[in-house]
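Topology and contacts: notes
Chain by chain, the residues:
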Amino acid sequence: MSYLIYAAILVAVVALFALITARGRVHPFIALVLAAFAFNYGVGWSLSFVVKSFSVGFGQSLAALGLIVVTGALVAEIADGTGATARLQQMARGWRTRTAPLAVLGLIGGMCSTPAAAFAVLNPLRRGIGGDSPRSALTLGLSLSAGHGLLIPAPTVLASLTILRADWGLAVAIGLPVALLAIAFGALFARASASGLPSALDTTTTIGGTTMQAPRRGALALLVVSLVLVAMLIVQSLGDIASEPFGGGNDRHFILAIGSPALLLATGVGLLLLLSWSWEKGGLSESGWAGRALAKVAPLLLILGAAGGLSKVAQDVGMAEMTAEYLIPLAPASGALVLVLPFALAAIIKTLQGSSLVAAITAAGMMMELAAPLGLGDPMGRALAALAVSAGAMTVPQINDGLFWLVTRAGRFSPPAALARLSGGVLVQSGLILACLVAIRAATA
């Protein structure tokens, strides 16, 4: 069977998923499990294949992202319980705009090891700044996507630059202004397509049996903790630099360990309790903050695991790479529009199998020998090609992607609504990025 047919089957499965989850008819976790088996049935692979691949992907997703999501949930619950979230919401009401701070957070968080991890640790702060509105979730998600596709040291950008032997200085000079433009567009798109109505939280808190206004110290503690966790994830990204001093040895292992899920959990919870200087009796017990946070986040963890399982099934089939190869003969022989090829290669691979880093590495590998023949062998051409790959590797998040589900749940979107708003928003945003890269090539060629 042609791999193009495999890709078409996956698209049909996603459409069917959206249909059966509309208006809550089927829980997303159940629907994702069914989607994996439906896709496997469609491509005609054995039952043992889908069971093994799904199980591996489920476990990998929970190990890599699940504990970070738990960290964010615990931080959010403590911030709610101590009044920090409500106090931050109260402070934000006096700001001229709440969009700009969220866009800046997305720009910074885009440099983290993964955009999903960045969203998880920034979500408690987003709930305060953005009032826990659907618009704030979409704004942060689109900002993270743009930043992760264009800024060093995001692993997708590092991989593309390294494989294509592109100049990092040029990549920074091009990537930063294009990222700012894309993030601004994402904020406008979120404003036009999602509600900014905040959810109401009580701005008082009870400490020692006395009800009082939530202290400003708690809001500042939440801000500090969120930025510390983001900084740890950015440092972890440096471990993906394939040269000294980070390319090997104990230094690299230490850097990678800094952003490990267990360390993020211990640092986030411990630092927030220390800085907020507030405590609920039995706060870390099953009946306190910890129990409430775990109960709230459990459905999301199951969804993330199932999404990882579906992604792994799609990866193991191998259709993404083979489908992308059909695009190579269609590329223009020369000119600025040749940048469409590296972007499209990465976008096809990302959309079909879910992993941005895998998409960036694979697409950059395909372009390695094609860059010079297509007229992209000069320093500017290689830098633009690398950025086109990394931007394409963020396109399009859908049901097999962790960031998709984090934004969906945080924004309280139905899966079909998230496909329209987040997936559609990233698609248009990435199209803008590609247009900017093509224009730069046309002006400098």
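Since we're looking at a predicted model, the values are computed, not measured.

**Some remarks on the side chain of T362**
In this structure, T362 sits in helix 16 (residues 356-368). Here V358 takes part through its backbone oxygen, which lies 2.8 Å from a polar atom of the side chain of T362. Among all residues touching T362, those that are not within four sequence positions of it are E321 and I349.

**A few points about the nonpolar core**
If you look at the biggest cluster of nonpolar residues, it comprises 143 residues, and the most contacted ones within it are L32, F39, V69, F119, W405 and L406. When residues of this core are assigned to their parent elements, the largest contribution, 14 residues, is made by helix 13 (residues 289-317). Sequence-distant contacts of F39, defined by excluding residues within four places in its chain, comprise Y6, I9, L10, V13, V313, A314, V317 and M319.

**Re empty space enclosed by the protein**
Tallied over the full model, the rule gives 1 cavity of 30 Å³ or more. Looking at the largest cavity, its volume works out to about 30 Å³. Taken together, S145, A146, G149, A391, M394, Q429, S430 and I433 make up the lining of the largest cavity. Contributing elements (two or more residues each) for the lining of the largest cavity: helix 7 (134-150) and helix 19 (415-444). Looking at side-chain class alone, the lining of the largest cavity contains 4 nonpolar, 4 polar and no charged residues.

**Things to note about helix 16**
Along its 13 residues, helix 16 runs 18 Å from first to last C-alpha, staying within 8% of the 18 Å computed at 1.5 Å per residue. Among all positions of helix 16, only S356, A359, A360, T362, A363, A364, M366 and M367 are buried. Looking at the buried residues of helix 16, the elements they touch are helix 8 (155-163), helix 14 (319-325), helix 15 (340-353) and helix 17 (379-392).

**Section: the packing of helix 7 against helix 18 (residues 402-410)**
Orientation of helix 7 relative to helix 18, taken along the N-to-C sense of each, is 160°, at an axis distance of 8 Å. When the axis of helix 7 is compared with that of helix 18, the two are roughly antiparallel. When you trace helix 7 past helix 18, the crossing you get is right-handed. Residue-level inspection shows A137, L138 and G141 of helix 7 in contact with helix 18, the latter providing L403, V407 and A410.

**Side note on the packing of helix 10 (residues 216-237) against helix 12 (residues 261-276)**
Where helix 10 meets helix 12, the axes come as close as 9 Å, and the angle between the chain directions of the two elements is 160°. Regarding the angle of helix 10 to helix 12, the classification is roughly antiparallel. For the pair helix 10 and helix 12, the sense of crossing is right-handed. Between helix 10 and helix 12, the contacting residues are R217, G218, A221, L222, V224, V225, V228, L229, M232 and L233 on the first element and L263, L264, T267, G268, L271, L272, L275 and S276 on the second.

**As for the pattern of salt bridges**
Summed over all chains, the structure comprises 9 salt bridges. Of the charged contacts in the structure, one is a salt bridge between K296 and E77, with a shortest N-O distance of 2.9 Å. Of this pair, K296 sits in helix 13 while E77 sits in helix 3 (residues 47-81); the two residues are 219 residues apart in sequence, bridging distant segments of the chain. A residue is classified by how much of its surface remains accessible, and E77, at 7% relative accessible area, is buried. Linking R127 and D80 is a salt bridge whose minimum nitrogen-to-oxygen distance equals 2.9 Å. Of this pair, R127 sits in helix 6 (residues 115-129) while D80 sits in helix 3; the two residues are 47 residues apart in sequence, bridging distant segments of the chain. D80 gets classed as partly exposed once you look at its relative accessible area, which sits at 26%.

**Comments concerning the layout of surface pockets**
Size it by volume and the largest pocket reaches roughly 990 Å³. Every residue lining the largest pocket is counted, 41 residues in all, and those nearest its centre are A64, L65, T114, S355 and S356. The set of elements that each furnish at least two residues to the lining of the largest pocket consists of helix 3, helix 6, helix 7, helix 8, helix 10, helix 13, helix 16 and helix 18. In terms of residue count, the dominant contributor to the lining of the largest pocket is helix 3 (7 residues). When grouped by side-chain class, the residues that make up the lining of the largest pocket number 18 nonpolar, 19 polar and 4 charged.

**A look at the environment of S133**
Topologically, S133 is positioned in the loop between helix 6 and helix 7. Residue class for S133 comes out buried when judged on its relative accessible area of 2%. For the pair S133 and L337, spaced 204 residues apart in the sequence, the C-alpha separation amounts to 39 Å. Those residues in contact with S133, other than ones at most four positions away along the chain, are R126, S195, G196, L197, P198 and R412.

**Focus: the environment of A64**
With respect to the element layout, A64 can be found in helix 3. Expressed as a C-alpha distance, the spacing of A64 and P261, which sit 197 residues apart in the sequence, is 7.2 Å.

**Here we look at a nonpolar patch on the surface**
There is a patch of nonpolar side chains on the surface, built from V224, L274, L275 and W277 and spanning about 420 Å² of accessible area. By the secondary structure assignment, L275 is in helix 12.

**Considerations on helix 15**
End to end, helix 15 covers 20 Å across 14 residues, agreeing with the expected 20 Å (1.5 Å per residue, within 8%). Along helix 15, 10 of the 14 residues are buried, which leaves the element largely enclosed by surrounding structure. The set of residues buried in helix 15 consists of L341, P342, F343, L345, A346, A347, I349, K350, L352 and Q353. On its buried face, helix 15 sits against helix 1 (3-21), helix 13, helix 14, helix 16, helix 17 and helix 19. Just beyond helix 15, the residue with positive phi is G354, at close to 95°.

**Thoughts on unusual backbone geometry**
For the peptide bond that leads from I152 to P153, omega is 15°, which places it in the cis range. Structurally, P153 can be placed in the loop between helix 7 and helix 8. T395 connects to V396 through a cis peptide bond whose omega is 5°. Along the chain, V396 turns up in the loop between helix 17 and helix 18. One non-glycine residue, D132, adopts positive backbone phi at about 55°. The topology assignment puts D132 in the loop between helix 6 and helix 7. With a phi close to 55°, R165 is a non-glycine residue in the positive phi region. Tracing the backbone shows R165 in the loop between helix 8 and helix 9 (168-193).

Quick notes on the rules
Numbering of residues begins from 1 in every chain and follows the order in which that chain's sequence is written. With pLDDT at 70 or above as the cut-off, local features in this predicted model cover only qualifying residues; side-chain atom pairs require 80 or more to be listed or tallied, and sums for whole chains, interfaces and linings still use all residues. Neither water nor hydrogens contribute to the side-chain values; these are computed over all heavy atoms in the structure. Secondary structure elements follow DSSP: runs of H or I of four or more residues count as helices, runs of E of two or more count as strands, with numbering from the N terminus. Whenever a nitrogen or oxygen atom comes within 3.5 Å of another N or O atom, the pair is scored as a polar contact, on the condition that within protein one atom can donate a hydrogen and the other can accept it, and that pairs from neighbouring residues in sequence are kept only if both atoms are in side chains. We call two residues in contact when some of their heavy atoms are within 4.5 Å. Side-chain atoms within 4.5 Å link the members of a nonpolar core, which is a set of buried Ala, Val, Leu, Ile, Met, Phe, Trp, Tyr and Cys residues. For each residue, the accessible area found with a 1.4 Å probe, counting protein chains only, is set against the maximum for its type, and the residue is called buried under 20%, exposed over 50%, and partly exposed in between. Points on a 1 Å grid, built from protein atoms alone, make a cavity when a 1.4 Å probe fits but cannot get out and make a pocket when they are open with protein on both sides within 12 Å along at least 5 of 7 lines; residues with an atom within 4 Å of a point are the lining residues. Grid points are joined across faces, edges and corners, and a volume is the space filled by probe spheres set on the points. Residue polarity follows a fixed list, in which Ala, Val, Leu, Ile, Met, Phe, Trp, Tyr, Cys and Pro are nonpolar, Asp, Glu, Lys and Arg are charged, and the others, Gly among them, are polar. Helix span, as expected, comes to 1.5 Å for every residue beyond the first. Angles shown run from 0 to 180 degrees and are taken between the N-to-C directions of axes, each axis being a line fitted to C-alpha atoms and, for helices, limited to the stretch in contact. Convention used here: angles under 35 degrees read as roughly parallel, angles over 145 as roughly antiparallel, angles from 65 to 115 as roughly perpendicular, and any remaining angle as oblique. Take the far helix as the reference: if the near one is turned anticlockwise from it by less than a right angle, the crossing is left-handed, and if turned clockwise, right-handed. Within this document, salt bridges are pairs made up of a side-chain nitrogen of Lys or Arg and a carboxyl oxygen of Asp or Glu, the two lying within 4 Å of each other. The patches reported here contain residues having more than 30% relative accessible area and no salt bridge. Joining distances are 9 Å for like charges and 5 Å for nonpolar side chains (Val, Leu, Ile, Met, Phe, Trp, Tyr). Accessible areas in this description were obtained via Shrake-Rupley with a 1.4 Å probe; residue shielding takes into account the shown protein chains only.

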